[in-house]
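# Coordinates in review
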There are 2 protein chains.
Amino acid sequence: MEIIFLGTSSAIHSYSRSHPAIIFKGFGEVMLFDCGESTQKQLIFAKVSPMKISKIFLTHYHGDHILGLPGLLQSMNFRDRKTPLTIYGPKGLNRVKKAIKLLNLYDFNFPLEFIELKNEDIIENEKYIIKTKKVNHSVETLAYSIEEKKKPKFLRDKAIELGVPIGPLFGKLHRGEQIEINGKIIKPSQVLGKPKKSKKIVYSGDTTPCEEMINFAKNCDLLIHESTYKKEDKNKAQKNFHSTAYDAANIAKKSNAKKLILTHISTRYKDNKDLLKQAQTKFPNTIIANDLMKIEV
Amino acid sequence: MEIIFLGTSSAIHSYSRSHPAIIFKGFGEVMLFDCGESTQKQLIFAKVSPMKISKIFLTHYHGDHILGLPGLLQSMNFRDRKTPLTIYGPKGLNRVKKAIKLLNLYDFNFPLEFIELKNEDIIENEKYIIKTKKVNHSVETLAYSIEEKKKPKFLRDKAIELGVPIGPLFGKLHRGEQIEINGKIIKPSQVLGKPKKSKKIVYSGDTTPCEEMINFAKNCDLLIHESTYKKEDKNKAQKNFHSTAYDAANIAKKSNAKKLILTHISTRYKDNKDLLKQAQTKFPNTIIANDLMKIEV
């Protein structure tokens with residue numbers, strides 16, 4: 001799995017930080033989390049084709065997180081996209097959909113679906129499960145987690161020993177379905193090894209530090225948490241429903257995350273050494289995201 | 001007067017060319033012509049404060065020319081703008097206004113006016129006159145001209161000789177109003193010198209080469225003309241209601257422009273030497289705009 005930070009600023013962008021957008025590559029898909037203005041520009045610099053994005057997840061509808069969407073969709077259309085795209089987001093997605101339609105003088109020539117998600121919703125297939133959690137921002141905001149589904153090892157010798165003929169029944173058992181051989185029931189648990197450790201990545205969206213995030217990010221491999229302010233600006237963070245770097249580190253610590261990446265950095269600070277230090281005092285395995293930074297998980 | 005090209009691409013942007021947007025500085029104002037996505041980012045690089053923009057002129061409502069608008073306006077609001085802003089554009093501006101409203105979860109805290117313009121409309125004050133001309137694109141599109149209004153020199157000695165007392169009547173005459181002194185009418189023409197040569201700048205928007213532009217750009221100091229294609233792609237240019245570099249040069253020549261700047265350059269071409277050469281064979285005083293290029297007129 002690969003994460004590419006396209007934009008890492010908070011509401012006001014800067015020379016070096018674009019508005020929020022994160023690319024997730026994995027399971028043969030390219031997914032986009034948030035889509036601030038200039039996302040399509042950043043995609044060029046990150047060498048990621050917008051045509052390959054299959055799903056877009058929006059955390060909330062503040063401008064800095066969504067205003068790259070109309071342009072991204074129009075560009076896909078202009079380049080003659082035919083493959084389907086699904087856009088997910090919390091309640092209110094219809095408003096964004098209407099605006100996108102008003103700003104586009106043409107019809108979209110590819111299947112485009114908008115799906116509203118609620119707290120603790122689930123999107124899953126054979127390979128992964130994506131979950132939502134309502135967090136605490138000034139407007140309805142969802143955090144997202146992506147977990148890979150790893151099948152336990154199929155114990156081939158064990159299956160043969162139990163009389164399962166080599167063939168499609170192996171697959172059935174591996175997928176978790178029980179089978180019957182000569183009147184004898186064979187359960188998947190009889191031919192499957194221990195569950196493999198699967199990776200979990202969590203993205204907070206905009207939020208104050210909240211209990212919900214601690215549970216949601218439990219034991220994750222990577223927590224990407226907003227970190228708009230320094231500790232000294234805790235009051236501003238609370239007033240504006242955001243987190244400090246220290247808050248983010250505290251959530252990482254309490255949730256037993258393996259690694260923390262700070263993003264959604266206020267561009268008011270000239271350098272971010274303090275921000276990083278403040279987080280690392282609480283949670284040492286922390287880094288700060290920069291635009292176009294790539295991370296393998 | 002200063003022109004800064006913020007974005008110079010056509011519909012598909014590239015590493016080096018952003019979507020269309022041009023800054024005009026003059027008469028104590030900063031005006032923006034078109035507002036493609038990433039305009040607010042390019043403003044940072046051009047070191048122009050978005051807070052100083054007083055008027056925005058849109059040529060038409062294709063995404064590449066307007067999708068920077070929602071973000072630019074939200075950023076102005078976020079930075080606590082209080083000064084008024086007027087957005088002008090052809091028929092259909094209401095659709096854009098509605099979309100901007102849908103994408104903004106807050107009210108704008110500065111006076112924001114949207115004014116639809118028609119063919120041969122005029123916006124003027126003491127210092128300048130801005131005119132519109134409907135051109136030939138696939139959707140309603142307006143070209144704009146900006147002309148400075150230069151008052152002729154006030155012949156002070158002549159006024160004194162005619163018995164005008166030193167004081168506010170001088171101003172009245174200079175503004176073009178006639179006055180009466182002891183029953184004697186004094187006309188402005190009696191105390192004003194020859195009209196001064198005033199500068200004229202014309203921006204085509206997206207258009208096929210058309211007669212209207214020739215007349216509209218007559219004797220201008222600078223013609224900024226779209227130049228999407230090379231001569232070899234004339235068919236594509238016609239089909240998509242655009243111009244080639246040669247077309248633009250032809251318009252510059254026929255309108256007796258002093259200088260031509262090509263913009264709205266298709267990013268399909270690896271380099272633009274041919275594009276420039278093709279224009280210069282017809283109109284030698286031609287340059288190609290690049291992002292962040294500044295020109296004094």
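Everything quoted here is computed from the prediction, not taken from an experiment.

## Section: helix H11 (residues 273-282) of chain B
All names here are of chain B. When H11 is considered as a whole, its buried residues turn out to be Leu275, Gln278 and Ala279. Each buried residue of H11 sits inside an arc of 95 degrees when the element is viewed along its axis, so together they form one side. More than 90 degrees from the buried face of H11, the exposed residues found are Lys273, Lys277 and Thr281. At its buried positions, H11 is contacted by helix H10 (245-254), strand E14 (260-263) and strand E15 (286-288).

## Some details on the domain arrangement of chain A
Annotation of chain A at the domain level lists domain 1 (2-150 + 196-289) and domain 2 (152-194). The C-alpha-based centres of domain 1 of chain A and domain 2 of chain A are spaced at 41 Å.

## Here's the deal with the side chain of His242 of chain B
All names here are of chain B. On the secondary structure map, His242 appears in the loop between helix H9 (234-239) and H10. Side chain to side chain, His242 and Glu226 meet in a polar contact 2.7 Å long. Here Thr228 takes part through its side chain, which lies 3.3 Å from a polar atom of the side chain of His242. In this structure His242 touches His137, Asp206, Thr207, Thr208, Pro209, Glu226, Thr228, Tyr229, Ala237 and His264, once residues within four positions along its chain are discounted.

## Considering the sheet that holds strand E15 (residues 286-288) of chain A
Residues and elements named next belong to chain A. Strand order in this open sheet of seven strands is E7-E8-E9-E12-E13-E14-E15, and the pairing throughout is mixed. The two strands at the open ends of the sheet, each matched to only one other strand, are strand E7 (122-124) and E15. Averaged over all neighbouring strand pairs, the angle between strand axes comes to 15 degrees, with direction disregarded. Helix-sheet contacts for helix H10 (residues 245-254) involve strand E13 (222-226) and strand E14 (260-263), and the interaxial angle to E13 is about 150 degrees.

## Here we look at a positive patch on the surface
Residue and element names in this part refer to chain A. A grouping of Lys150, Lys153, Lys196, Lys197 and Lys199 is seen on the molecular surface, where their side chains present a positively charged patch. The residue Lys199 is located in the loop between helix H7 (188-191) and strand E12 (200-203) in this model. In this structure Lys199 comes out as partly exposed when scored by relative accessible area, which is 31%.

## Some remarks on the relation of the copies chain B and chain A
Superposing chain B onto chain A takes a rotation of 180 degrees plus a shift of 0.0 Å along the axis, which leaves an RMSD of 0.1 Å. Classification of the inter-copy transformation places it as that of a two-fold axis. By C-alpha distance to the rotation axis, the residue of chain B lying nearest is Ala99 of chain B, at 2.2 Å. Here 100% of the interface residues in chain B have copies in chain A that are interface residues too; the copies meet face to matching face.

## Quick look at the state of the cysteines
One pass over the structure, following the stated rule, counts zero disulfides over all chains. Cysteine Cys35 of chain A is unpaired, with the sulfur of Cys35 of chain B as its nearest cysteine sulfur at 17 Å. For Cys35 of chain A, a relative accessible area of 0% puts it in the buried group.

## Thoughts on unusual backbone geometry
Backbone geometry places Lys47 of chain A, a non-glycine residue, at a positive phi of 55 degrees. As for its position among the elements, Lys47 of chain A is in the loop between helix H1 (39-45) and strand E4 (53-57). A positive phi angle, near 60 degrees, is found at Phe241 of chain B, a position not held by glycine. Structurally, Phe241 of chain B can be placed in the loop between H9 and H10. What makes Phe241 of chain B partly exposed here is its relative accessible area of 31%.

## Here's the deal with the sheet that holds strand E9 (residues 142-148) of chain B
All names here are of chain B. Taken together, seven strands build an open sheet; the order of strands is E7-E8-E9-E12-E13-E14-E15 and the sheet is mixed. Of all strands in the sheet, those with a lone pairing partner are strand E7 (122-124) and E15, marking the two edges. Put simply, the sheet's adjacent strands are angled 15 degrees from each other on average, direction ignored. Where H10 meets the sheet, it contacts strand E13 (222-226) and E14, and its direction lies at approximately 150 degrees from that of E13.

## Some remarks on the pattern of salt bridges
Residue and element names in this part refer to chain A. What the rule picks out here adds up to 26 salt bridges over all chains. Across the pair Arg175 and Glu177 runs a salt bridge, and its minimum N-O distance is 3.6 Å. Note on Arg175: relative accessible area 47%, which makes it partly exposed.

## Focus on the interface of chain B and chain A
Taken together, the contacts link 40 residues of chain B with 40 residues of chain A. Interface area, chain B with chain A, both sides summed: about 3600 Å², of which 62% is carbon and sulfur. Here chain B and chain A share zero salt bridges between them. On the surface where chain B and chain A come into contact, there are 18 residue pairs in polar contact (both at pLDDT 80 or more). Every element with two or more residues in the side of chain B that touches chain A is listed here: helix H1 (39-46), helix H2 (63-66), helix H3 (69-78) and helix H4 (93-103) of chain B.

## Side note on the packing of helix H4 (residues 93-102) of chain A against H4 of chain B
Two elements in contact, H4 of chain A and H4 of chain B, have axes separated by 8 Å at closest approach and are oriented at 155 degrees. As judged from the angle between their axes, H4 of chain A and H4 of chain B are roughly antiparallel. Of the two possible hands of crossing, H4 of chain A and H4 of chain B adopt the one that is left-handed. Residues Arg95, Val96, Lys98, Ala99, Lys101 and Leu102 of chain A of H4 of chain A touch H4 of chain B, and the partners they reach there are Arg95, Lys98, Ala99, Lys101, Leu102 and Leu103 of chain B. The residue makeup of the contact of H4 of chain A with H4 of chain B, split by class, is six nonpolar, no polar and six charged.

Conventions adopted
- Residues numbered from 1 in each chain as written.
- Chains lettered and ligands numbered in written order.
- Predicted model: local features only at pLDDT ≥ 70, side-chain atom pairs only at ≥ 80, totals over all residues.
- Heavy atoms only, no water.
- Buried < 20%, exposed > 50% of the residue type's maximum accessible area, 1.4 Å probe, protein only.
- Helix = DSSP H or I, 4+ residues; strand = E, 2+ residues; numbered from the N terminus.
- Arc of directions from axis to C-beta.
- Contact = heavy atoms within 4.5 Å.
- Domains from an automatic or database assignment.
- Polar contact = N/O pair within 3.5 Å; in protein donor to acceptor, adjacent residues only side chain to side chain.
- Pairing = 2+ DSSP bridges.
- Axes fitted to C-alpha atoms, helices over the stretch in contact; angles between N-to-C directions.
- Patch = residues over 30% accessible without salt bridge, like charges linked within 9 Å, V, L, I, M, F, W, Y side chains within 5 Å.
- Areas by Shrake-Rupley, 256 points an atom, 1.4 Å probe, with all protein chains shown as cover.
- Salt bridge = Lys/Arg side-chain N within 4 Å of Asp/Glu carboxyl O.
- Lys, Arg positive; Asp, Glu negative; His and termini not counted.
- Charge placed at Lys NZ, Arg CZ, Asp CG, Glu CD.
- Least-squares fit on C-alpha atoms with pLDDT ≥ 70 in both.
- Disulfide = S-S within 2.5 Å.
- Buried area = accessible area lost by both parts, 1.4 Å probe.
- Parallel < 35°, antiparallel > 145°, perpendicular 65-115°, else oblique.
- Left-handed = near helix turned anticlockwise from the far one by under 90°.
- Nonpolar A, V, L, I, M, F, W, Y, C, P; charged D, E, K, R; others polar.

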